[in-house]
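Chain by chain, the residues:
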Amino acid sequence: MHARTPLLCLLAAASCALLIAACGSEDSGTSCTIDGLTINDGASARTRDCRTCTCTAGALRCSAPSCGDAGFDTGGNDTGGSDTGGNDTGGSDVVGPGECRDSDNDGFYSCLDPLHPERPQEVDCDDSDSTVQPGAYDFFGNRVDDDCDGEIDNTPRCGCPTGVTGPNMLEAIELCDGSIVSATMSGNNAAFDIATRYEGALGPRSGNCLSVISSGTANPASAGVQPGTEFSVVGVADPDPAGTGELVYDLAQLVVELDPPNNARGFQFDFMFLSSEWPEFLCQTFNDTYYTIATIPGFTPGSQNISFDSNGDDVTVNVGFFEQPAAWTTNLVGTSMAQNDVLSNSCGGILGGGAPGCTMPGYCSGGATFREIGSGSGWLTTQAPVTQAGGNIQLVFSIHDEGDSSLDSVVLIDAFEWLPYEPEINTVKE
Ligand SMILES: [Ca+2]
Ligand SMILES: [Ca+2]
Ligand SMILES: [Ca+2]
Ligand SMILES: [Ca+2]
């Protein structure tokens, strides 16, 4: 199909309803041309004679013409029932003023207007919702084509990258959109890994891989009981913004600066904390800890740990989510964080726990002992809001040994998503 001149269309205007496909459009490849304008595959535009056309795989699909009351006249006469728009331009074959609107003030218009080439050349597929626009983040699972590319809930397109770098650690958790400003790893390089299955046993929550951060070796050569890699015996200050800065060891952090998509109101990600400290080191005054330290404009306090349980307890072996093997929501057999030990292990071990304010879990009552050593929290999801007013946000995924640099803990991270709604700061288990 080839375009003909607008004059021909003008002459045929009275019956243009039948001729529009010939008059107004042509297509080629993965974009289409309507009235001399090129639109991308998946985008929609209105033609001069009032059809709405969508470019699909290089071909135009057009609605029936509806010229009756669009507020303008597309040609020499109005083919519809009434022309109440009041701005009939007579014989000129142009899109009338006001036809293409930006009702939701998101900068994108309801159609393409040849008289306004300075406007975005992509159409707002929902001009009543400013969070829906070309180039927006297409939220998973809300059944809305948020980015106007013609596909509802675009499937995640992040890959499973080779090479352990900050940006690759993010891609492994499905964060590969234009929001990434920077991503750096702080700590020993061996503390970070990207895995299709952690220690060959624990698979990803979404996509094909996940990211691992450890207070020891993130990708140990073989599972052993109570792994303890000592990268350094020199302590550094505890990074908890609400803490007192006591010394911790083998601190490993993924430090990320993000510019959230304009339509995002929050974010979430999944994580699982695993520790070889269980059960002997339950309720000690020192326990390995995982933090998600968020610095978000508008937050009070400005920086805070956003991953904690309903008691406000940090993620350690003492967090309310932590599981004994009989209650595993995820089978940990095969990892170094769940080894069948020759000894019987008791809650708190020979030290008996005793950290102030720490309550032994109920399963520890009656002198319970376990053959396993090491366990985990199960998969958890942390959500937090973002504000659009104040600039970039910083997230620090942070894990460390406490007390000394031996007996490692690990956090698996996956399934990052931006959210279309504003959640409370919360962490839950499915
Ligand atoms: Ca708009
Ligand atoms: Ca919109
Ligand atoms: Ca989409
Ligand atoms: Ca969506």
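Residues numbered from 1 in each chain as written. Chains lettered and ligands numbered in written order. Predicted model: local features only at pLDDT ≥ 70, side-chain atom pairs only at ≥ 80, totals over all residues.

J.: Would you explain unusual backbone geometry in this entry?
T.: Outside of glycine, negative phi angles account for most residues, and trans bonds account for most peptide bonds. Look at the link from W278 to P279: it is a cis peptide, with omega at -10 degrees. In the segment running from T300 into P301, the intervening peptide bond is cis, with an omega of -5 degrees. Here P301 shows up in the loop between β13 (289-295) and β14 (303-305). At D250, a residue that is not glycine, the phi angle is positive and equals roughly 50 degrees. Note on placement: D250 falls in strand β11 (residues 247-258). Since 29 C-beta atoms lie within 10 Å of it, D250 is described here as buried. (Helix = DSSP H or I, 4+ residues; strand = E, 2+ residues; numbered from the N terminus. Buried ≥ 20, exposed ≤ 12 C-beta atoms within 10 Å, placed from the backbone.)

J.: Would you mind going over the nonpolar core with me for this structure?
T.: For soluble globular proteins, the rule of thumb is that nonpolar side chains tend to be buried together. Among the nonpolar cores identified, the biggest contains 79 residues, and I173, L210, V212, I213, V411 and L412 are the most heavily contacted of them. For this core, the element with the highest residue contribution is strand β20 (residues 409-419), accounting for eight residues. Residue assignment places this core across two domains, with domain 1 (1-155) and domain 2 (166-429) each supplying three or more. Residue contacts for I173: discarding those within four places in its chain leaves L210, S211, F269, I413, D414, A415 and F416. (Core = buried A, V, L, I, M, F, W, Y, C linked by C-beta atoms within 7 Å. Domains from an automatic or database assignment. Contact = placed C-beta atoms within 7 Å.)

J.: Just checking my understanding: could you explain the pairing of β13 for this structure?
T.: Consecutive side chains along a regular strand alternate between the two faces of the sheet. Within β13, six of the seven residues are buried, which leaves the element mostly enclosed by the surrounding structure. One ladder, built from three bridges, connects β13 with β14; its direction is antiparallel. In the strand pairing of β14, I293 is matched with N305. (Pairing = 2+ DSSP bridges.)

J.: Just checking my understanding: could you explain the confidence of the model for the protein chain for this structure?
T.: It should be kept in mind that the predicted coordinates are not to be read in detail where pLDDT is low. A residue-level look at the protein chain finds 81% of positions with pLDDT of 70 or above and a mean pLDDT of 83. Low pLDDT (under 50) marks residues 1-28, which in the prediction has 58 contacts with non-local residues, meaning those over four places away or in another chain. Here residues 67-94 scores under 50 on pLDDT; set against residues more than four positions off or in separate chains, the count is 62 contacts. (pLDDT = per-residue confidence, 0-100.)

J.: Just to check I follow, could you spell out the environment of F299 for this structure?
T.: Tracing the backbone shows F299 in the loop between β13 and β14. When the 18 C-beta atoms within 10 Å are taken as the criterion, F299 is described as partly exposed. In the structure, F299 is positioned 88 residues away from T387 in sequence and 8.6 Å away in space, judged by C-alpha atoms. Beyond its immediate chain neighbours, meaning those up to four positions away, F299 contacts A294 and Q304.

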